[in-house]
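Examining the three-dimensional arrangement
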Amino acid sequence: MAQTEVDWDHHIPLPKLAPVKAKITLALVALLCFINSYDGDFVFDDSEAIVNNQDLNPATPLNNIWGNDFWGSNLSSNNSHKSYRPLTVLTFRFNYLMAGGLHPVGFHILNIGLHSLISALMFDMFSILLGGLTYVNRKRLNHVPKASLLAGILFAAHPIHTESVAGIVGRADLLCALFFQLSFLTYCKAFRGGTERENIAIHWIAVSLLLCSAAMLCKEQGITVLGVNAAFDVLLICNVNVFELSHRLFLKKKTADVSELVRTGLLTRLALLSLSGASLLYTRWKIMGTGPPAFTEVDNPASFAENVFLRIVNYNYYYSLNAWLLLCPWWLCFDWSMGCVPLIKSAFDWRMPWLLLLWSFLIGLINQAICSQDSQRRRTLTLGLVLLVVPFLPACNIFFRVGFVVAERVLYLSSAGYCMLLAYALGCCCCRWSKHKVHYNVGKNLADRGNTSAAIKYYREAVRLHPTYVHAMNNLGNILKERNELVEAEDLLAKAVHIQPDFAAAWMNLGIVQNSLRKFEEAEQSYWNAIRFRKKYPDCYYNLGRLYVDLNRHLDALNAWRNATMLKPDHSLAWNNMVILLDNTGNLAQAEVIGREALKLLPKDHTIMFSLANVLGKLQKYEESEGFFLHALRINPNSASCHGNLAVLYHRWGKLELAKKHYELSLKLDPEALGTRDNYDMLQRKLDQLYRTTAP
């Protein structure tokens, strides 16, 4: 069973840079965009957090940092802001020591340097979230070098970062983002040895949790990396289809099979992340001492609105403002309080449509993220939304009241999710518009309509224009295979997997061709390579089973097909082949069990009914066999083989007139069926003999 894969990264009009060069490029973009802030003065909140903060003075005991808030007030004080960010304050103190006093240039240069470093590391984050996590010989492959570079450029240059980078107190957001990235990338390292439970390096997960704690000591938002790590584990490492799992649990009222989740250790890791998050939150609450900070109506007017409806409406309007600032940062402001955003007090306020527009867009995006038939699109959109929304949750007023209306600095991490989604959207558009893709798309459309001769011409042109276009090679190889041009098909597919070693579909298709060429050992190795790069690959297990049948390794074939049906319960061909193989090898009782199991999952599959009916006929369960044959014929009345085998059943059963009827129907549909013709002639002779013996 041949498959094609969607490819869009190489159509993005950017150079494909080596990882080191890409990171240097992103760091330079960030530097060029924000270098003009290096000679700024201490402004706005800098006066309280830096100029008047005695914790920066070397004469102040270093231990004070761990007992005071971000502004230098004791945490136990009722006037404390409760912003506990000792690592950030420690870097301010470092700047003070290096400069020999309060000289803002050093503070600004460190902020710009941090943003450049974060932008460079974003290349690694985006490459994993957009392209997946694949290691070959313990070296991570980047499947989307251009898309991750594009997303990194968008992040490095986004104007929404002005407050975080140009404002010295934005250091908290920068340091939090840095440790956030390191925690995520370290979590990814845990799977360098493989995704099987015994191969996962638990010590890297422990390091990731420590880095999460460090992020939280820079700014409270750092704890949200646990949510991103959990989503990454569920969607990319374990490849869980959340919609399908929820549908099975809540709509069909069936117990979900969690054996695979237990085997990979996902549930254990999620429990560890949850327990760590709860511990960090409890510790943070204890540190606050007197409870959450007290804010005034001036700080956050919506949270003091007279009823719940108005609070919800205004909160959602704030969300729409944040979304607009990400989309179009035309006007930025360091302080949105003091009535800058008037409250919405009526359902007829002119700003209400913005709320509807925001949620309409989000619902559409969520629908694609959950229900799209394209698994890559589902994962990418879901992870993009997670990276967009989860870091913003502490600032959304849902869990506790915050001390601002809109704060551009809290969008520093969330903007990464926005840039990731935008890069994916632009990549898909480039894929559609690319001139190289034109030949590929025309070829694919022609092939889908059955015009393979014309499709070959366009696929060859696509490969000529783009010699490393592995997806065109894969599809061309499939067509040549169907035309029995096996040698050229093998060459094309072998070249495709040489260019892209983790191209699972091409490995599987190469195995199919090698099997047809009777290169059985090479075919088996190709199938296992495909499964190595795509753990849940039911079609590959199906084709592997066919190979084992050719090698008379019947038990291995059954195991391969069983794996296919476990991964894809509605895999009709795998079920049917199991029944047929068991029938052919004389294991009729087991064949009956498998056939009945298959029909519970696929009650309208006439091919499985046909195979099960044959088995039941051999077991002399004639009435049940007849029922399945007739049911199959109601679904597919023009099946010559079904009429023919039903006729054989009636022939054995002694219902000779019915046998004659179905032999004739079978021969009418397929006059060239020699076996049916021989059986019909034999029946005719028997009927003639009966007529002669019963004639008066």
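Residues numbered from 1 in each chain as written. Predicted model: local features only at pLDDT ≥ 70, side-chain atom pairs only at ≥ 80, totals over all residues. Heavy atoms only, no water.

Within an unreviewed UniProt entry, the label attached to the protein chain reads dolichyl-phosphate-mannose--protein mannosyltransferase, and the organism entered is Esox lucius. Per UniProt, the comment on the protein chain under Sequence similarities (unreviewed entry) is "Belongs to the TMTC family." Its UniProt record, at the heading Pathway (unreviewed entry), says of the protein chain: "Protein modification; protein glycosylation." (UniProt positions renumbered as here; feature names shortened; annotations may be inferred.)

1. Here's the deal with the UniProt feature "repeat: TPR" (unreviewed entry) in the protein chain
Look at the UniProt record and you will see "repeat: TPR" (unreviewed entry) annotated at residues 436-469, 470-503, 504-537, 538-571, 606-639 and 640-673. A distance of 9 Å separates the end C-alpha atoms of residues 504-537, which is 79% helix and 0% strand. Counting secondary structure, residues 606-639 comes out at 79% helix and 0% strand; the distance between its end C-alpha atoms is 10 Å. (Helix = DSSP H or I, 4+ residues; strand = E, 2+ residues; numbered from the N terminus.)

2. Focus on the side chain of His158
Among the structural elements, His158 can be located in the loop between helix 5 (145-157) and helix 6 (162-166). Each residue touching His158, except ones within four places of it in the same chain, is listed here: Phe34, Leu325, Leu326, Pro329, Tyr418 and Cys419. (Contact = heavy atoms within 4.5 Å.)

3. With respect to the environment of Asn614
Mapping Asn614 onto the fold places it in helix 27 (residues 606-618). Separated by 35 residues in the primary sequence, Asn614 and Val579 have C-alpha atoms spaced 9.8 Å apart. Excluding its chain neighbours within four sequence positions, the residues that come into contact with Asn614 are Asp583, Phe629 and Asn645. Polar contacts involving the side chain of Asn614 include one to the side chain of Asn645, which spans 2.9 Å. (Polar contact = N/O pair within 3.5 Å; in protein donor to acceptor, adjacent residues only side chain to side chain.)

4. A look at the packing of aromatic side chains
Under the defined criterion, the tally for this structure stands at 18 aromatic pairs. Here the aromatic residues Phe42, Phe70, Trp71, Phe92 and Phe107 are joined through ring pairs into a cluster of three or more. Against the face of Tyr537 rests Arg534, its NZ or CZ located 4.2 Å from the ring centre. (Phe/Tyr/Trp six-rings, centres within 6.5 Å; stacked < 30°, edge-to-face > 60°. Lys NZ or Arg CZ within 6 Å of the ring centre and 35° of its normal.)

5. Topic: the packing of helix 25 (residues 572-584) against helix 27
Helices that pack against each other are described as a pair by the angle of their axes relative to one another and the distance between those axes. One way to put it is that helix 25 packs onto helix 27 with a least axis distance of 9 Å and a crossing angle of 15°. Looking at the two axes, helix 25 sits roughly parallel to helix 27. In the packing of helix 25 onto helix 27, the handedness of the crossing is left-handed. Facing Ser572, Trp575, Asn576, Val579, Ile580 and Asp583 of helix 25, the residues of helix 27 in contact are Thr607, Ile608, Ser611, Leu612, Asn614, Val615 and Lys618. (Axes fitted to C-alpha atoms, helices over the stretch in contact; angles between N-to-C directions. Parallel < 35°, antiparallel > 145°, perpendicular 65-115°, else oblique. Left-handed = near helix turned anticlockwise from the far one by under 90°.)

6. Structural notes on the packing of helix 27 against helix 28 (residues 622-635)
Remark: helix 27 packs on helix 28, axes separated minimally by 8 Å, with the N-to-C direction vectors making an angle of 160°. As summarised for this structure, helix 27 and helix 28 are arranged roughly antiparallel, according to the angle between their axes. Considering how the two elements wind past one another, helix 27 and helix 28 form a crossing that is left-handed. In this structure, helix 27 contributes His606, Met609, Phe610, Leu612, Ala613, Asn614, Leu616 and Gly617 to the contact, and helix 28 contributes Tyr622, Glu624, Ser625, Phe628, Phe629, His631, Ala632 and Ile635. Classifying every residue of the contact of helix 27 with helix 28 gives 10 nonpolar, five polar and one charged. (Nonpolar A, V, L, I, M, F, W, Y, C, P; charged D, E, K, R; others polar.)

7. Concerning the nonpolar core
With 101 residues, the main nonpolar core has Phe126, Phe184, Phe232 and Leu387 as its most contacted residues. Sequence-distant contacts of Phe232, defined by excluding residues within four places in its chain, comprise Ile128, Leu133, Phe184, Tyr187, Cys188, Phe191, Ile237 and Leu383. (Core = buried A, V, L, I, M, F, W, Y, C linked by side-chain atoms within 4.5 Å. Buried < 20%, exposed > 50% of the residue type's maximum accessible area, 1.4 Å probe, protein only.)

8. So, the pattern of salt bridges
Throughout the structure, instances matching the rule amount to 21 salt bridges. Linking Glu490 and Lys519 is a salt bridge whose minimum nitrogen-to-oxygen distance equals 3.0 Å. Of this pair, Glu490 sits in helix 20 (residues 486-499) while Lys519 sits in the loop between helix 21 (504-516) and helix 22 (520-533), and the two are 29 residues apart along the sequence. Taking the relative accessible area as the measure of exposure, Glu490 reaches 12% and is therefore buried. Measuring nitrogen to oxygen at the nearest pair gives 3.2 Å for the salt bridge that ties Arg562 to Glu597. (Salt bridge = Lys/Arg side-chain N within 4 Å of Asp/Glu carboxyl O.)

9. Thoughts on the side chain of Ser116
In this fold, Ser116 is placed in helix 4 (residues 104-131). Beyond its immediate sequence surroundings of up to four residues, Ser116 is in contact with Ala27, Ala30 and Leu31.

10. Observations concerning a nonpolar patch on the surface
Taken together, the side chains of Val20, Ile24, Leu28, Leu31, Ile35, Tyr38, Val105 and Ile109 present a nonpolar region at the surface, about 690 Å² in accessible area. Those elements that provide at least two residues to the nonpolar patch are helix 1 (19-34) and helix 4. The element best represented in the nonpolar patch is helix 1, accounting for four residues. (Patch = residues over 30% accessible without salt bridge, like charges linked within 9 Å, V, L, I, M, F, W, Y side chains within 5 Å. Areas by Shrake-Rupley, 256 points an atom, 1.4 Å probe, with all protein chains shown as cover.)

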